[in-house]
2 protein chains.
Amino acid sequence: MFEAFELGRTISKEEFDAAEGPLREALLEAQMDLKASKKLAVVVIVGGVKGAGKRETLGVLNAWMDPRFIDTHGLREPSDEERERPAMWRFWRMLPPKGRISLFHGSWHTMPIVHRAFGRISNARMEREMERVRDFETMLVHEGVLVLKFWMHLSKKLQKKRMRAIEDDPLTSWRITKQDWENFERYDTFRKVSARAIQLTSTAEAPWILVEATDHRHQLITVGRHILEHLRARLDAEGTPRPAVHALPVREVAEEVNPLRVLDLGGRIEKKDYETELERWQGDLARLTRTKAFQKRSLVCVFEGMDAAGKGGGIRRVVAALDAGRVKVVPVAAPTEEERAQPYLWRFWRHLPRAGSATIFDRSWYGRVLVERVEGFAAQADWMRAYEEINAFEDQLRRHGSIVAKFWLQISQEEQLRRFEARAETAFKRFKITDEDWRNREKWPKYEAAICDMLERTSTEDIPWTLVPAEDKYSGRLVILRTLVERMREALEE
Amino acid sequence: MFEAFELGRTISKEEFDAAEGPLREALLEAQMDLKASKKLAVVVIVGGVKGAGKRETLGVLNAWMDPRFIDTHGLREPSDEERERPAMWRFWRMLPPKGRISLFHGSWHTMPIVHRAFGRISNARMEREMERVRDFETMLVHEGVLVLKFWMHLSKKLQKKRMRAIEDDPLTSWRITKQDWENFERYDTFRKVSARAIQLTSTAEAPWILVEATDHRHQLITVGRHILEHLRARLDAEGTPRPAVHALPVREVAEEVNPLRVLDLGGRIEKKDYETELERWQGDLARLTRTKAFQKRSLVCVFEGMDAAGKGGGIRRVVAALDAGRVKVVPVAAPTEEERAQPYLWRFWRHLPRAGSATIFDRSWYGRVLVERVEGFAAQADWMRAYEEINAFEDQLRRHGSIVAKFWLQISQEEQLRRFEARAETAFKRFKITDEDWRNREKWPKYEAAICDMLERTSTEDIPWTLVPAEDKYSGRLVILRTLVERMREALEE
């Protein structure tokens, strides 16, 4: 693959000088259109070997465009706050909001390539990581991010020469470390692994652009022109690229296989027994979150359910068992302005717990395949791709060591009506009933279809949904507590 | 002071049960009004010795109110991201937005008290810290935060008994550490230091409420009622408490002492000389930011100046000297929705650099005493208190080890006009000229008065303003680069 990029292409100083002015002007204008229209965000990744001029290229891009609307991210050692979350968390923090550009000096591709080149992970593992990267980038594109990836290529001979030159200059010698020479010794391995990684993550939506790094002028003009061309095209185009979908009819879920219908809602428990049981499970949960083992893990709970199904009450009983300083409850309502400028899942990533802590989501990322689907807030193409994206997100949590529990609280339509009416009567609960609640009620069958799809597509062996019969509040809460305790026990005693 | 809180006040179970229901209902209703009106944010601090039931109180508050709209913060070890910023940074991250409540289990008072009790800091230093805390809390109140501080008091004898009881219970024994017993041995010292700290930070705006912690029921009802009373009063009141100000006439700055008028704008430099000089200073700056010493420091630059004074051009020349991955440029425009829900300085705190990095503010917190003052966006009471708050903020940066440089770029009215006209002609700079720019121009004398006040009140020996004669772009940029290099040299060679 790289052979085609060892042709020694160059640009003369005259050619460069003639090209630079108009290119810079056009880039700056595109950047200002980007800022004004806020139609999309731009991610520019610069990869490649040491000495290939990555740092210089990023410096020139900052000089050509307006650095006030660009964020440049180097790949530092992760901070402790970053290490306590899934590996991608730190990149989610660096994503640009709509209207801005983020430049990445190294990115989510880097560590899998390095680990593979040093034999720390198997080839299969590296390839699996690259598949995840590919899915992540495809998601970014569908969420309105322009993803541009440049790979700066240098031949072995030239890399050595470049590294020597950097090392010999007292101003830059600090930039060549022992690690860099160790990497250089593995040039051939890196070349092979990188080629495979590039191949696996070159998609129609976010292709790699290989750049011969022999001549700085050629390299700069190539990168600049590519950015301009793609940015201009996206600014001038209508809408965001979306995956093709075949319009599917709303599924009729047969009564006998509809998990919501076959769920036995009948269990009831006396108040006295409930109180004894509740205390027992809360005590167990409290003990488990205080174990040494949990201090390296974290807990993520999702509460979904029809209105008035008792999510709030369930959450309160869980919170009561935990140290208040180690749990955060996130009520999911309309996204804020900063959240709307980011990919859909961003507003959930930002609330992920640190080690030894818990985050409880009162409604969650499933909003996209429930309310947004039913109400038509999300296009079909968008909610249809959400299942995969959600599974990938939760899988990252699991692989990081977070314990994920998802509860669907189920009540009958009759019980919901009773609770709505009761709420309307109780003074301090009145705030909870809105016209919207009554409207949502009318869409019960549509919601039921959406819920069935959700359960079918996102309940996995590792991260199953727990269907909570919530017709009786007491027994519903006990199911939640008991499930959490069991899940924690299983995870911590592995 | 504490003697009055060793009376052994108790509440019977019957009294408690009778009081709890109505109190809880009223608290929940107040919380919902808070959420709906978004008029203010609430900070509740719970301090006091170990065993005084702080954790239990926070648990009960979470149970009485809706935990979905409460954030509870325990005082953990600061993370590395927190240690790389001024000490208050981690508390700014924890401040609630309007409409929400933050509960603090320990707070900004805690560490100065602990350090003093162990003799690690002098009494004078502790008192100085408490003065800063007092100013911080006063600022919060003026920014629309209700600050409620509870100090849970226990006699020495009772504390010992409580700690023993916690230790003897297998479920809670982990909560008593060696450190806790070491603290207990210093009970008398802690009592004295705490009394002094409480005295110094009990203000009319944010008084401490001492609570006898002998009887849990008494303690809970006392805290609950205080929160209800204060929250209700603030919700029902009009507006935010503001400091009294005496309306001052706009100052006439005499020509001969007006720093803007006496500044010599005449320096000019030839392009060739400029390029040589620029390269020299950029090289020096690059070297300085790459020194080992700077990796423990950080750089904060502020660029202010009349429209078209050349802030953008100056910033680009600074950015060009730095590693793009270690510098962030923050263009200060209208605050976002999340920023508007926080105290004024919050949106600047969030961008403070990590160790070894720089943040450049293109316009800054000085907006409050410039544009917001002149245009009447901020009330007089608010911009008048801003000088002190800004000085306190920058002083925190300095004490943390950040290098702070503030540039005022000065041009004549004639030069501004020439640049406006030139911009209107150049295609790719046209975006920069708005009607607002022309309007601002008409307010030149008012801006000049505001600038003179700003320079006089916020230029300190440690963090001076640099007045940059920017009539000639080249020489202006050189002044900026040279100043930065000198400031860095001075700071790093200390």
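Residues numbered from 1 in each chain as written. Chains lettered and ligands numbered in written order. Predicted model: local features only at pLDDT ≥ 70, side-chain atom pairs only at ≥ 80, totals over all residues.

### Quick look at the relation of the copies chain A and chain B
Of the transformation placing chain A onto chain B, the axial shift is 0.0 Å and the rotation is 180°, giving an RMSD of 0.0 Å. In the structure described here, the two chain copies are related by an operation that fits a two-fold rotation axis. Both copies present the same face, since 98% of the interface residues in chain A are matched by interface residues at the equivalent positions in chain B. (Least-squares fit on C-alpha atoms with pLDDT ≥ 70 in both. Contact = placed C-beta atoms within 7 Å.)

### Some points on the interface of chain A and chain B
Facing the 43 residues of chain A at the interface are 42 residues of chain B. With five residues, helix α13 (residues 311–321) of chain A is the single largest residue contributor to the side of chain A that touches chain B. When the residues that make up the side of chain A that touches chain B are grouped by side-chain class, the tally is 17 nonpolar, eleven polar and 15 charged. (Helix = DSSP H or I, 4+ residues; strand = E, 2+ residues; numbered from the N terminus. Nonpolar A, V, L, I, M, F, W, Y, C, P; charged D, E, K, R; others polar.)

### Brief notes about the environment of Ser102 of chain A
All names here are of chain A. Among the secondary structure elements, Ser102 is positioned in strand β3 (residues 101–105). Of the residues examined, Ser102 has 20 C-beta atoms within 10 Å and is grouped as buried. Here Ser102 is in contact with Val43, Asp71, His73, Met94, Leu95 and Pro96, once residues within four sequence places are set aside. (Buried ≥ 20, exposed ≤ 12 C-beta atoms within 10 Å, placed from the backbone.)

### Section: the sheet that holds strand β10 (residues 465–469) of chain A
Residues and elements named next belong to chain A. If you walk across this open sheet you meet the five strands as β7-β8-β6-β9-β10, and the pairing is parallel. Two strands bound the open sheet, and with one partner strand each, they are β7 (327–331) and β10. Going from strand to strand, the sheet's axes swing by 20° on average, the running direction of each strand aside. Sheet analysis places strand β9 (residues 402–410) next to β10, joined by five bridges and oriented parallel. Looking across to β10, one finds that Leu409 is bridged to Val468. Contacting β6 (298–305) and β9, helix α17 (residues 380–400) runs over the sheet at an angle of about 135° to β9. (Pairing = 2+ DSSP bridges. Axes fitted to C-alpha atoms, helices over the stretch in contact; angles between N-to-C directions.)

### Some words on the domain arrangement of chain A
Residues and elements named next belong to chain A. Entries for chain A in the domain assignment read domain 1 (2–236) and domain 2 (255–492). Of note, the centres of domain 1 and domain 2, computed from C-alpha atoms alone, are 40 Å apart. Each partner contributes to the interface: domain 1 provides 17 residues, whereas domain 2 provides 16 residues. If you list the elements that add at least two residues to the side of domain 1 that touches domain 2, you get α4 (89–94) and α6 (123–142). Of the residues assigned to the side of domain 1 that touches domain 2, the class counts are nine nonpolar, one polar and seven charged. (Domains from an automatic or database assignment.)

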